Amino acid sequence: MQYVLSLIFIGQMYLSMLVLAVAYLPFVLVDRRFAYSAVHTYCRWIRWTAHHIVGLRSEVRGQVPEAEVIVASKHQSFFDIILLVSVLPRPKFIMKSSLRFAPIVGWYANRIGCVPVNRGKRAEAIRQMMDAVTSGDAPAGQLVIFPQGTRVAPFSYLPYKIGTFVIYSATGQPCVPAATNVGIFWPRRGILRKPGLAVVEFLEPIEPGLDRETFMKRLEADVEVASDKLMTDEALPLA
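Residues numbered from 1 in each chain as written. Predicted model: local features only at pLDDT ≥ 70, side-chain atom pairs only at ≥ 80, totals over all residues. Heavy atoms only, no water.

1. Observations regarding the environment of Gln173
For step 1, the next point in the chain: You can see Gln173 is positioned in the loop between α6 (163-171) and β6 (175-180).
For step 2, the next point in the chain: Residue classification places Gln173 among the buried residues on the basis of a relative accessible area of 17%.
For step 3, the next point in the chain: Measuring from C-alpha to C-alpha, the distance between Gln173 and Ile70 comes to 6.7 Å, with 103 residues separating the pair along the chain.
For step 4, the next point in the chain: Setting aside residues up to four positions removed in sequence, Gln173 forms contacts with Glu68, Val69, Ile70, Tyr168 and Pro208. (Helix = DSSP H or I, 4+ residues; strand = E, 2+ residues; numbered from the N terminus. Buried < 20%, exposed > 50% of the residue type's maximum accessible area, 1.4 Å probe, protein only. Contact = heavy atoms within 4.5 Å.)

2. Re the environment of Phe79
For step 1, the next point in the chain: Here Phe79 shows up in helix α3 (residues 78-87).
For step 2, the next point in the chain: As a C-alpha pair, Phe79 and Phe185 span 106 residues in sequence and 9.3 Å in three-dimensional space.
For step 3, the next point in the chain: Every residue in contact with Phe79, bar those within four places of it in the chain, is listed here: Ile46, Arg47, Ala50, Leu56, Ser58, Val182, Trp186 and Ala198.

3. Describing the confidence of the model for the chain
For step 1, the next point in the chain: With 90% of its residues at a pLDDT of 70 or more, the chain shows a mean pLDDT of 90.
For step 2, the next point in the chain: Confidence, expressed as mean pLDDT per element, reaches its minimum in the chain at helix α5 (residues 122-134) with 64 and its maximum at β6 with 98. (pLDDT = per-residue confidence, 0-100.)

4. Details of the sheet that holds strand β2 (residues 69-73)
For step 1, the next point in the chain: Here seven strands make up an open sheet; going across it, the order is β1-β7-β6-β2-β5-β3-β4 and the pairing mixed. Taken across any chain shown, the strands that pair with only one partner, and hence form the sheet edges, are β1 (56-61) and β4 (115-117). Neighbour-to-neighbour, the strand axes of the sheet open up by a mean angle of 20°, direction not taken into account.
For step 2, the next point in the chain: Looking at chain direction, strand β3 (residues 91-96) and β4 are connected through three bridges and run parallel. Paired with Lys96 across the bridge in β4 is Val117.
For step 3, the next point in the chain: Along the sheet, helix α2 (residues 33-54) contacts β1 and β3; its crossing angle with β1, the most-contacted strand, is approximately 130°. (Pairing = 2+ DSSP bridges. Axes fitted to C-alpha atoms, helices over the stretch in contact; angles between N-to-C directions.)

Structure (structure tokens):
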């Protein structure tokens with residue numbers, strides 16, 4: 001039965017994306033602020049329907065950043081993006097370049113100021129990130145980056161990449177680490193969505209001025225320890 005409910009949930013997820021994208025389109029063309037309204041509405045709707053269709057509740061913990069900061073988040077599945085966008089006032093992401101061409105997602109991502117990078121070419125990706133964050137053309141907001149560069153399965157490990165430090169150093173902005181356990185319930189691939197409590201937790205900010213080694217060690221330790229705790233202590237499926 002959970003597979004059937006998961007299929008229903010996924011179907012309405014894409015249908016609602018299309019309906020909201022079309023409904024907001026005339027307003028978004030005139031004013032970028034409506035793009036934020038559109039993505040907030042969509043992500044909050046997905047959280048609500050996840051709860052009521054597949055039993056997947058969600059919670060955001062910690063102090064939600066509202067100023068211009070870097071948010072360095074653990075990335076396990078699409079649902080952590082949903083949770084982040086649902087609460088951040090002006091979210092924008094470092095995203096893989098191919099998403100620019102995705103229907104609906106690519107266009108709205110451009111409107112809210114997301115930065116496309118070529119993940120397969122490290123030097124080019126860093127240059128693209130630097131150009132975007134230092135040009136002064138991007139809208140103000142909370143810049144979300146996934147330090148490991150991709151989705152990582154629960155309790156798996158991938159090394160943390162230098163891109164987060166490059167942006168942290170260039171902008172002089174605080175970096176807010178974020179932990180999550182969403183991959184326990186909403187995997188990287190597959191249809192099944194499991195009931196339980198999915199959490200994204202904003203951690204204590206890392207203030208500007210740290211050197212590369214100190215910053216990278218602290219970021220990784222903060223995110224990994226907090227994510228492991230959420231997955232172990234909080235991610236117990238409902239009976």
